[in-house]
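Chain by chain, the residues run as shown.
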Amino acid sequence: KMKNNSMLNEFILLGLTSSWELEIFFFVIFFLAYTSIMVGNSLIIIMVIFDSHLHSTPMYFLLANLSFLDMTLSTVTVPKMITDFFREKKIISLWGCMAQMFFLHFLGGSEMTLLIFMAVDRYVAICKPLHYTTIMSHRTLIGFVLLSWAVGFVHTMSQMAFTINLPFCGPNVVDNVFCDLPLVIKLACTDTYVLDLLVIADSGLLSLICFILLFVSYTVILITVQRRSSGGLSKAMSTLSAHITVVTLFFGPCIFIYASPFSSFSVDKFLSVFYSVITPLLNPIIYTLRNQEMKAAMIRLQNQHVGSRQTL
């Protein structure tokens, strides 16, 4: 009974800064960033749903699912981060902390897998264009999305199944803007060496392996295009540059955070912010401002809206 009474039921997040002026500044920046994330990614989803051309294109179907994952991933962390700027003591409950970690790795694992499927889509579109519609059928796309969610669920459960039963009875200060496995595990009142290795093997190696697979796949695509046509290389680079940018920005912080040895590395809170705020923000910017088909779809939707208003 005494042991149960000494168990922690909340954690304290240190946040980004203790300066009131900087907290006001960060509040404005992150509020605008979160608003842009929701509006930008929602716009992509709306375009794909209501534009018949985008809706029937496999790449944009996968892109809409990527936008949904980005929106949800940011919602898990950013609203709490924003409201904490006005709190002197940034507290999160034990189960709130566990929920954050569960959804972070669930959505992160799903997004990693989905990015690989998007690379497969680009490989088939560029290297096997005559078989594109046959290979990337609607059934295949549904299978890709379901498999990405399944991988994310297995990924998070393989770690959370051990984390959720850890005893927390000592320090409860998390030096970050949200809960994540490396720092929370260190606060447990038991030896977590094996669990530390599990997180490195699970999250760190998964990030590294997925990044290597994506790098190899894009390299194969570019080599194949170069052998077939020197003029097609510039067009392929233009198509793939957006995907390569998103992959680099997404996996860079993940690899740095989770693949580093626990004995000599503390999670960098600024990389955590980059992972949960900046990457989902850049995603719609890269895929809308640089994408001619998305711009054309926005114009078509706007013209339809104006036409329907004039009819009324």
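Please read these numbers as outputs of a predicted model, since none were measured by experiment.

1. Quick word on helix α5 (residues 94–127)
For α5, with 34 residues, the first-to-last C-alpha span of 50 Å sits near the 50 Å given by 1.5 Å per residue. Burial of α5 is extensive: 25 of the 34 residues sit out of reach of the surface.

2. Remarks on the UniProt feature "transmembrane region" (unreviewed entry) in the protein chain
Under the UniProt annotation, the feature "transmembrane region" (unreviewed entry) is placed at residues 24–50, 62–82, 102–120, 141–162, 205–225, 237–258 and 270–289. What you have in residues 102–120 is 100% helix and 0% strand, and the ends, taken at the C-alpha atoms, are 27 Å apart. Split by type, residues 205–225 is 100% helix and 0% strand. Its first and last C-alpha atoms lie 30 Å apart.

3. Concerning the sheet that holds strand β2 (residues 91–93)
Taken together, 3 strands build an open sheet; the order of strands is β2-β1-β3 and the sheet is mixed. Every interior strand has two partners, whereas the edge strands, β2 and β3 (173–174), have only one. Bridge count for strand β1 (residues 10–13) against β2 is 3 bridges, and the pairing is antiparallel. Looking at β2, one finds that E10 is bridged to S93. Contacts between α5 and the sheet are confined to β1 and β2, with β2 contributing the most and set at about 85° to the helix.

4. Comments concerning the environment of V151
Note that V151 resides in helix α7 (residues 138–163). When the C-alpha atoms of V151 and F106 are compared, they prove to be 8.2 Å apart, with 45 residues separating the residues in sequence. Aside from chain neighbours lying at most four places away, what touches V151 is G109 and T113.

5. Brief notes about the pattern of salt bridges
In this structure the tally under the stated criterion is 4 salt bridges. Across the pair K90 and E23 runs a salt bridge whose closest N-O atoms are separated by 2.9 Å. Within this pair, whereas K90 is found in the loop between α4 (58–84) and β2, its partner E23 is found in helix α2 (residues 20–50), the two being separated by 67 residues in sequence. Judged by its relative accessible area of 8%, K90 falls in the buried class. Here E23 falls in the buried class, since its relative accessible area comes to 7%. Linking D84 and K80 is a salt bridge whose minimum nitrogen-to-oxygen distance equals 3.2 Å. Highlighted residues: D84 and K80, both in helix α4, separated by 4 residues, approximately one helical turn.

Thresholds applied
- Residues numbered from 1 in each chain as written.
- Predicted model: local features only at pLDDT ≥ 70, side-chain atom pairs only at ≥ 80, totals over all residues.
- Heavy atoms only, no water.
- Helix = DSSP H or I, 4+ residues; strand = E, 2+ residues; numbered from the N terminus.
- Expected span 1.5 Å × (residues − 1).
- Buried < 20%, exposed > 50% of the residue type's maximum accessible area, 1.4 Å probe, protein only.
- UniProt positions renumbered as here; feature names shortened; annotations may be inferred.
- Pairing = 2+ DSSP bridges.
- Contact = heavy atoms within 4.5 Å.
- Axes fitted to C-alpha atoms, helices over the stretch in contact; angles between N-to-C directions.
- Salt bridge = Lys/Arg side-chain N within 4 Å of Asp/Glu carboxyl O.

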